[in-house]
Amino acid sequence: MPELDAEDEKLVTLARSARARTQAEEGAALRDTDGRTYAASTVDQPSFKLTALQAAVAAAVSSGAEGIEAAVVVTAEGLLKEASVHAVRDIAETAPIYLADPSGKVLN
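Bear in mind that the values here come from a model prediction, so they are computed numbers and not experimental data.

**Q** Looking at this structure, how should I read the overall build of the protein chain?
**A** Per the secondary structure count, the protein chain includes three helices and six strands. Against the compact-globule benchmark of 13 Å for 108 residues, the protein chain has a radius of gyration of 12 Å, which places it among compact chains. Counting only C-alpha atoms, the protein chain reaches 35 × 30 × 25 Å along its principal axes. Buried residues in the protein chain amount to 42% of all 108 residues. As presented, the protein chain carries roughly 5,800 Å² of accessible surface, and 49% of it is formed by carbon and sulfur atoms. Across the protein chain, 10 positive and 17 negative side-chain charges occur, with their mean positions spaced 6 Å apart.

In structure tokens form, the structure reads like this:
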């Protein structure tokens, strides 16, 4: 379990809050290269579905983010979905993506 710095711990808190607010399967948060943060939860609509991290990346990109410094996904599943990883890697090849359980314990 990695030790996170204060800025990455903030992402865990934001991701947990996004998940709890909507009672979604996942919550996610990311920080762009300008230091702005974005949080989102799973989107499960009849016409489209997004992982929480895909939704957070979409919010960042639509706000003009040019890069991602770090991202966090909070889920009870214990697995990071491939689609979530791809969404981040489209923008940032080496940004860390942390996985945490609903209590905020970082698993990777």
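**Q** I'm lost on the sheet that holds strand E2 (residues 37–41) in this one. Help?
**A** Working definition: the strands of a sheet are paired by backbone hydrogen bonds and lie parallel or antiparallel to each other. Within the open sheet, the four strands sit side by side as E2-E1-E5-E6. Their pairing is mixed. Edge positions in the open sheet fall to E2 and strand E6 (97–100), since each of these has one partner strand only. Within the sheet, the average angular offset between the axes of one strand and its neighbour, ignoring direction, is 15°. In this sheet, strand E5 (residues 68–75) lies alongside strand E1 (residues 26–32) in antiparallel orientation, the contact comprising seven bridges. From the neighbouring strand, Leu30 faces E5, where its bridge partner is Ala71. Where helix H1 (residues 6–22) meets the sheet, it contacts E1, E2, E5 and E6, and its direction lies at approximately 40° from that of E5. Most of the contacts of helix H2 (residues 52–62) go to E1, to which it runs at about 35°, and overall it touches E1, E2, E5 and E6.

**Q** Help me understand the environment of Asp8 in this model?
**A** Its location among the elements puts Asp8 in helix H1. For Asp8, a relative accessible area of 6% gives the class buried. Between the C-alpha atoms of Asp8 and Leu30, which are 22 residues apart in sequence, the distance is 8.7 Å. Those residues within four positions of Asp8 in sequence are excluded, and the remaining contacts are Arg31, Ala70, Val72 and Tyr98.

Reading the values: the criteria
- Residues numbered from 1 in each chain as written.
- Predicted model: local features only at pLDDT ≥ 70, side-chain atom pairs only at ≥ 80, totals over all residues.
- Heavy atoms only, no water.
- Helix = DSSP H or I, 4+ residues; strand = E, 2+ residues; numbered from the N terminus.
- Rg over C-alpha atoms; globule rule 2.2 N^0.38 Å.
- Buried < 20%, exposed > 50% of the residue type's maximum accessible area, 1.4 Å probe, protein only.
- Areas by Shrake-Rupley, 256 points an atom, 1.4 Å probe, with all protein chains shown as cover.
- Lys, Arg positive; Asp, Glu negative; His and termini not counted.
- Charge placed at Lys NZ, Arg CZ, Asp CG, Glu CD.
- Pairing = 2+ DSSP bridges.
- Axes fitted to C-alpha atoms, helices over the stretch in contact; angles between N-to-C directions.
- Contact = heavy atoms within 4.5 Å.

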